[in-house]
Amino acid sequence: MRLRRCQTLLIEPRERRELDLELLLSVAPKIGSSLEWFALAPHLDKEVPLDPAEFAVLGAVSPTDWIDRDELVGAHAPVLVDGLRAKGLLVAEGGEAAAEVADRALRATHWRPLSAVAHRHSRWRSIDTAAEARRLDEICGDEWLDHFGAPPPPAIDCAAEGRRVALPRAEVSALDRLLDRRVTCRNFDPARGLSLDEVGAVLWRAFGARTEVEITGVRVLKKGVPSAGGLHPTEAYLLVQRVDGVTPGLYHYHPLHHALERLRELSSNEADEHNQRFVAAQAHFRSAPLLLVMASRFERNFWKYRNHAKAYRATILDAGHLSQTLYLAATELGLAAFITAAVNEGDIEDAFGLDPMQQGVIAVSGFGHRSAQRIDIEFDPLHAVWPPT
């Protein structure tokens, strides 16, 4: 058997501070401090605790060249070598363990190492933001400023007033009025669904391919939003709850055929459960008739931008371009929209069968009809949607 280290590995020394029980009865009780080591690898879902002896083995094994196990155990204890393979940090040539398969897939996708670690280990699973908000409220209550201090200013001055060049304001246009009405919705009408025409119009304007062309042998899509290299790696996966003529379930939007591809049907109760699981129990999105998951097909972007310092950032920018276009397309139709990054990526991946390092969830958006009654606060200081009270 031949082994090598997994391709990407970040070792983090972490300090644990806690009250030392042995010092508890001393004249001056002290906080005890201990240092722990953790391995963060983008082909593994969880961080892996390490001891110094394991750390030494990992530092001696190449992530590229194979070495016979017998040679490796000649220099290191067999229990350490086999233990690191069991943890997924050493992989075997042709191995079929889940970690070994995942490591091979990661190598083929051309991730930048630090970006890969950040993406994998900043994902959520089974997080309940409502419970987190209650916990924070118990700590801070209404005294956020007392706990956090004053926030940075909303705008910064980089020059004295006399050195500023005043700019003329544009005349108010239809675009200005549309932008004023672009207000994130937290109050969807639970009694109203969406028509197929409404869904089609919003998806077409945000995600639809206007045309497909070939440039130097590469097929690229022209959409209504920019994308690095014209590659458009962001896929749209949908949780449909209330759309006329569409069975509740999980779907994928095909940008060339302008069609919903059914992946799995759901009952109304199942769809509701998926909704709250996807958006980490944010109750104000529960009544949205449709959720749209933006998942980046990393291999599409990294095919060109291999191990590139800016490649992952470019895929995240896509979600911003797409969500703003979705907001404006929905607002123009008299609908309302939202986007959130507070999502349970792991639960979404499970539902749609996505590998987080191949097609990674970036954000969740949605749109529908705004309720006539405002229960949750919406940021509308211009009163473009809600009249002043």
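The residue numbers shown here count from 1 along each chain, following its written sequence. In view of the model being predicted, local features appear only for residues whose pLDDT reaches at least 70, and side-chain atom pairs are presented and counted only at 80 or more, with totals across whole chains, interfaces and linings using the full set of residues. Remark: hydrogens and water are excluded; side-chain values derive from all non-hydrogen atoms of the structure.

Draft legend 1. Up close: the pairing of strand β11 (residues 259–265). Only strands that DSSP links by at least two bridges are regarded as paired with each other. Numbering of helices and strands runs from the N terminus; a helix is a DSSP stretch of H or I covering at least four residues, while a strand is a stretch of E covering at least two. Pairing between strand β10 (residues 249–254) and β11: six bridges, direction antiparallel. In the sheet register, tyrosine 251 faces β11, and the bridge partner there is arginine 262. The hairpin formed by β10 and β11 contains four residues between the paired strands, and histidine 258 there has a positive phi angle of roughly 50°.

Draft legend 2. Just the sheet that holds strand β6 (residues 90–92), in detail. Read across the open sheet, the three strands follow the order β5-β1-β6; overall the sheet is antiparallel. Both outer strands of the open sheet, β5 (67–68) and β6, are each paired with one neighbouring strand and no more. In the sheet, strand β1 (residues 2–5) pairs with β5 via two bridges, with the strands oriented antiparallel. Across the sheet, the residue bridging to arginine 2 is aspartate 68, located in β5. Its contacts with the sheet put helix α3 (residues 78–86) on β1 and β6, and the angle it makes with β6 is roughly 80°. Packing against the sheet, helix α4 (residues 98–109) makes contact with β1 and β6, and its axis sits at approximately 95° to β6. Residues count as neighbours in contact if any of their non-hydrogen atoms are within 4.5 Å of one another. Working convention: axes come from line fits to C-alpha atoms, limited for helices to the stretch in contact. Angles between N-to-C directions cover 0 to 180 degrees.

Draft legend 3. Fine view of the nonpolar core. We call a set of buried residues a nonpolar core when its members are Ala, Val, Leu, Ile, Met, Phe, Trp, Tyr or Cys and they connect through side-chain atoms within 4.5 Å of each other. When a residue's accessible area, from a 1.4 Å probe over protein chains only, is under 20% of the maximum for its type it is buried; when over 50% it is exposed; and in between it is partly exposed. Membership of the largest hydrophobic core comes to 58 residues, with the highest contact counts inside it found for Phe207, Leu238, Leu290, Leu292, Phe352 and Phe367. Per-element accounting of this core gives the leading share, eight residues, to helix α12 (residues 311–332). Those residues in contact with leucine 292 that sit more than four places away from it in its chain are Leu203, Phe207, Ala236, Tyr237, Leu238, Leu326, Ala363, Val364, Ser365 and Gly366. Formed by 20 residues, the second largest nonpolar core is a distinct cluster that contains Leu3, Leu50, Leu89 and Leu90.

Draft legend 4. Representation of the pattern of salt bridges in the model. Criterion for a salt bridge: a side-chain nitrogen of Lys or Arg within 4 Å of a carboxyl oxygen of Asp or Glu. Throughout the structure, instances matching the rule amount to 22 salt bridges. The partner of glutamate 349 in a salt bridge is arginine 123, with the nearest N and O atoms 2.7 Å apart. Taken together, the residues span a long stretch of sequence, with glutamate 349 in helix α13 (residues 345–352) and arginine 123 in the loop between α5 (113–120) and α6 (129–140) at a distance of 226 residues. Each member of the pair, glutamate 349 together with arginine 123, is buried.

Draft legend 5. Main features of the sheet that holds strand β12 (residues 290–297). The sheet built from six strands is open, its strands ordered β11-β10-β9-β12-β14-β13 with antiparallel pairing. Pairing within the sheet leaves two strands with one partner each, and these edge strands are β11 and β13 (336–340). For this sheet, the mean angle separating the axes of adjacent strands, direction not counted, is 25°. Pairing between β12 and strand β14 (residues 359–368): seven bridges, direction antiparallel. Following the sheet pairing, valine 293 is matched in β14 by valine 364. The strands that α12 touches are β9 (234–240), β12, β13 and β14; relative to β13, the one it contacts most, it runs at about 165°.

Draft legend 6. Representation of empty space enclosed by the protein within the structure. Of the two site types, the cavity is a set of points on a 1 Å grid over the protein atoms alone where a 1.4 Å probe fits but cannot get out, and the pocket is an open set with protein on both sides within 12 Å along at least five of seven lines, each lined by residues with an atom within 4 Å of a point. Grid points are joined across faces, edges and corners, and a volume is the space filled by probe spheres set on the points. Applying the stated criterion to the full structure yields two cavities of 30 Å³ or more. Forming the boundary of the largest cavity are Arg4, Trp66, Val91, Ala92, Glu93, Gly94, Glu100, Asp103 and Arg104. Of all the elements in the fold, those that place two or more residues in the lining of the largest cavity are β6 and α4. Ranked by the residues each element gives to the lining of the largest cavity, the list is headed by α4, at three residues. For this scheme, ten residues count as nonpolar: Ala, Val, Leu, Ile, Met, Phe, Trp, Tyr, Cys and Pro. Four count as charged, namely Asp, Glu, Lys and Arg, and the remainder, Gly too, count as polar. When its residues are assigned to classes, the lining of the largest cavity shows three nonpolar, one polar and five charged. Estimated volume of the second largest cavity: approximately 30 Å³.

Draft legend 7. Structural context of the side chain of arginine 5. Residue position: arginine 5 is located in strand β1. Here the positive residues are Lys and Arg and the negative ones are Asp and Glu; neither His nor the chain ends is included. It is aspartate 103 that comes nearest to the buried, bridge-free arginine 5 among opposite-charge side chains, at 8.3 Å. The residues contacting arginine 5, other than those within four sequence positions of it, are Leu58, Val61, Ser62, Pro63, Leu89, Leu90, Val91 and Arg107.

Draft legend 8. Region of the structure containing a negative patch on the surface. Only residues whose relative accessible area exceeds 30% and that take part in no salt bridge are eligible for patches, with like-charged residues grouped when within 9 Å of each other and nonpolar side chains (Val, Leu, Ile, Met, Phe, Trp, Tyr) grouped when within 5 Å. Areas reported here follow the Shrake-Rupley algorithm with a probe of radius 1.4 Å; residue values treat only the protein chains shown as occluding. To locate a charge, take NZ of a lysine, CZ of an arginine, CG of an aspartate or CD of a glutamate. On the surface, Asp137, Glu138, Asp142, Glu143 and Asp146 cluster together into a negatively charged patch. Turning to its location among the elements, aspartate 137 is positioned in helix α6. Since its relative accessible area comes to 46%, aspartate 137 is described here as partly exposed.

Draft legend 9. Summary view of unusual backbone geometry. Even without a glycine there, the phi angle at threonine 216 is positive, about 50°. You can see threonine 216 is positioned in the loop between β7 (211–215) and β8 (218–222). Accessibility expressed as a relative area gives 78% for threonine 216, which makes it exposed. Residues other than glycine seldom take positive phi values, yet alanine 280 does so here, at roughly 55°. By secondary structure assignment, the location of alanine 280 is in the loop between α10 (268–278) and β12. Looking at alanine 280, the relative accessible area reads 0%, which means it is buried.

Keep in mind these numbers describe shape, not what the thing actually does.
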